[in-house]
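Residue strings, one per chain:
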Amino acid sequence: MTHTQVPDIFWFIPTSGDGRHLGSSNQKRTNDFHYLKSVALAADTLGFDGALLPTGYGCEEAWITASALAPLTQRLKFLVAVRPGLISPALAARMTAALDRISGGRVSLNLVSGSGDKALLAEGLPERYLDKDERYALTREWVHVFRALLQGESVSFQGEHLSITEGKLQFGPVQQPLPPVYFGGSSEPAIQVAADYTDVYLTWGEPPHIAREKIERVAEQAALAGRKVRFGVRAHIIVRETEEEAWKEADRLIERLDDETIRKAQAQLSANGSTGQQRMIALHGGNKDNLKVYKNLWAGVGLTRAGAGTAFVGNPENIAALIEEYKQIGVDTFILSGYPHLEEAYRTAELLFPAIGKTQTGVLQVKENERRLAVSF
C-alpha cells in the first residue's frame, strides 16, 4: 500500500451498551436494538466502510445482530467477531456463507481467541481451562477447517482439539475465494496463526514505532508461508475542530473515574493472560498522569476498559497525520469507536473524512436532507 491511498475506516456497534462517560452508569445507554440500528444506519449513511460487532457474554450476540442489521443497510460491511471453539468451524462457515449471501457480500470474520480467563469458561466451552499455546492451537485448527470449507473443499481433518469427516459447504459465499478473516494477537503463537491463516492482522492502537515490530514480524512470517497479509489498527477516536476541544473532551470522558475504580480495574486487567493486554497496560501503568503516550494518542480508555485502550485525540489535521504514520508502516484499515457511538460517528465522518481524502457522499447527503427539512418547515 502506498501512502497516497485512502484507508478503510470502520466504525463499531456498541452491543454491550454505550454512554458519555467511562466507569459511570450515568447517561448509560443500553444495547437496545433500536439504538444499535441507529448507529449502524448512521455508519452506513455517513460512508464508513464497515462496522465491528464484538463478541463475549457481555455483548448482544454478534451473528444475530449483524443478520438483523444487514437488510436495513445498503453498503456497510459487517465484521463479526467469533470465538473459535465456541461453535464448530463447519457451523461458522455455514453462518458466514449465509450472511454473506443475505448481505450481498458484506461480511467478514474477526477471530477472537480470548485470553484464557474465566470469561471463556463462562461461555460453556472449552470443558477445561486452556493455556495460551492450547488456545492458539485450537484457533489454528479451527481457522484451517473454516477456510477450507468456505473455499469449497471437502474436508476431513483430525486434530488435537477438532475433527471433521467429509465436511462440505453446500451453499458458498458471495465473496471469493472467501470472506476476509481478521485476527489480532501479540504473542508469538498468535503471530504465527495470523501469518498462516488470516487476511488482515489487527493491532490495538500502540504508538506506530511500537506497532511496527509486530507488523514486520507478521509480514515476514507470512512471506515465508507464501502469503501476504494486510494490516489494521483498532482504536478509539476523539476528534474536534481544535486540539483544545479534543483534549478537553478526553478529560471529560474519564472525569468520573476515581482512583479506587481505576485500581480495581487495573488489578483485573493485570491478571489477564493476554500479551496484548499487558502491552496496553504498559503504556500508562494505570496512572492518569501518563495518558498521552504519543502525539495525538491517548491511553485513557484503557484505565478501565479491556482490549483496545487508546484513542486518537486531536483536530482533524493532526489525527490525519497520525493515521499517515500508521499507513507508512503498512496499515490500511482503521477500526474506530467513540463515546457515545451515534454522535461520534457523525463527528468522525464530518471532521476526519475530509482530512484523509475520504469520500463525503454520505455526509453531503445527510446535510442536504437536513437543508430540505429546514426549508420544508
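Residues numbered from 1 in each chain as written. Predicted model: local features only at pLDDT ≥ 70, side-chain atom pairs only at ≥ 80, totals over all residues. Heavy atoms only, no water.

Observations regarding the sheet that holds strand S3 (residues 77–82)
In space, the 8 strands of this closed barrel follow the order S1-S2-S3-S4-S7-S8-S9-S14, with parallel pairing throughout. Geometrically, the sheet is characterised by an average inter-axis angle of 30 degrees between neighbouring strands, direction not taken into account. With 4 bridges connecting them, strand S9 (residues 230–234) and strand S14 (residues 331–335) associate as parallel partners. Note on S14: the bridge partner recorded for Val233 is Phe334. (Pairing = 2+ DSSP bridges. Helix = DSSP H or I, 4+ residues; strand = E, 2+ residues; numbered from the N terminus. Axes fitted to C-alpha atoms, helices over the stretch in contact; angles between N-to-C directions.)

Some remarks on the pairing of strand S7 (residues 181–184)
Sheet topology note: the strand S4 (residues 107–111)/S7 ladder contains 3 bridges and is parallel. Following the sheet pairing, Leu111 is matched in S7 by Phe183. Assessed by its sense of winding, the connection that carries the chain from S7 through helix H6 (residues 188–197) to strand S8 (residues 200–204) is right-handed. (Right-handed = clockwise from strand over helix to strand, strands pointing away.)

Concerning the nonpolar core
By size, the foremost hydrophobic cluster in this structure holds 84 residues, and its most contacted members are Phe48, Trp142, Phe312, Tyr326, Phe334 and Leu336. When residues in this core are grouped by element, the largest group, 9 residues, is from helix H5 (residues 132–150). With residues near it in sequence (within four places) discarded, Leu336 still touches Ile9, Phe10, Trp11, Phe12, Arg234, Ala235, His236, Ile237, Phe312 and Leu352. Listed in part, the 16 residues of the second largest apolar core include Leu22, Ala246, Ile262 and Tyr339. (Core = buried A, V, L, I, M, F, W, Y, C linked by side-chain atoms within 4.5 Å. Buried < 20%, exposed > 50% of the residue type's maximum accessible area, 1.4 Å probe, protein only. Contact = heavy atoms within 4.5 Å.)

Some points on the pattern of salt bridges
A complete count under the given rule lists 17 salt bridges for this structure. A salt bridge links Asp199 to Arg227, with the shortest nitrogen-to-oxygen separation between them at 3.9 Å. Of this pair, Asp199 sits in the loop between H6 and S8 while Arg227 sits in the loop between helix H7 (208–224) and S9, placing them 28 residues apart in sequence. Asp199 sits in the partly exposed class, given a relative accessible area of 21%. Between Glu324 and Lys327 there is a salt bridge whose closest N-O contact spans 3.5 Å. Taken together, the residues span about one helical turn, with Glu324 and Lys327 both in helix H11 (residues 316–328) at a distance of 3 residues. Residue Glu324 is classed as partly exposed on the basis of its relative accessible area, which comes to 23%. According to the relative accessible area criterion, Lys327 is buried, its value standing at 8%. A network of salt bridges, in which partner residues are shared, links Arg240, Glu249, Arg252, Glu344 and Arg347. (Salt bridge = Lys/Arg side-chain N within 4 Å of Asp/Glu carboxyl O.)

Here's the deal with the packing of helix H2 (residues 62–69) against helix H3 (residues 89–103)
Running from N to C, H2 and H3 cross one another at 15 degrees; their axes reach a closest spacing of 11 Å. The angle between the axes of H2 and H3 places the two elements in the roughly parallel class. Two packed elements cross with a definite hand, and for H2 against H3 that hand is left-handed. Here H2 contributes Trp63, Ala66 and Ser67 to the contact with H3, which in turn contributes Ala92, Met95, Thr96 and Leu99. Considering only residue class, the contact of H2 with H3 consists of 5 nonpolar, 2 polar and no charged. (Parallel < 35°, antiparallel > 145°, perpendicular 65-115°, else oblique. Left-handed = near helix turned anticlockwise from the far one by under 90°. Nonpolar A, V, L, I, M, F, W, Y, C, P; charged D, E, K, R; others polar.)

Topic: the packing of H5 against H6
As a packed pair, H5 and H6 sit with axes 9 Å apart at the nearest point and diverge in direction by 10 degrees. Compared by their axis directions, H5 and H6 come out roughly parallel. Contacts between H5 and H6 involve Asp133, Tyr136, Thr139, Arg140, Val143, His144 and Arg147 from the former and Pro189, Ala190, Gln192, Val193, Asp196 and Tyr197 from the latter. When grouped by side-chain class, the residues that make up the contact of H5 with H6 number 6 nonpolar, 3 polar and 4 charged.

Notes on the confidence of the model for the protein chain
Scored by pLDDT, the protein chain has a mean of 89; 88% of the residues are at 70 or more. Under a pLDDT of 50 for its full length, residues 369–377 has, in the predicted model, 0 contacts with residues more than four places off or in other chains. (pLDDT = per-residue confidence, 0-100.)

Brief notes about the sheet that holds strand S13 (residues 311–314)
Pairing within the open sheet is mixed, and its 4 strands lie in the order S10-S13-S12-S11. Here the strands that pair on one side only, and so sit at the sheet edges, are strand S10 (236–239) and strand S11 (292–294). When S11 meets strand S12 (residues 297–298), the two strands line up antiparallel, connected through 2 bridges. Residue Lys292 lies in a different strand from S12, and its bridge partner there is Trp298. Packed onto the sheet, helix H8 (residues 243–253) meets S10, S11, S12 and S13 and runs at close to 135 degrees relative to S13. The sheet strands contacting H11 are S10, S11, S12 and S13, and the helix crosses S13 at an angle near 140 degrees.

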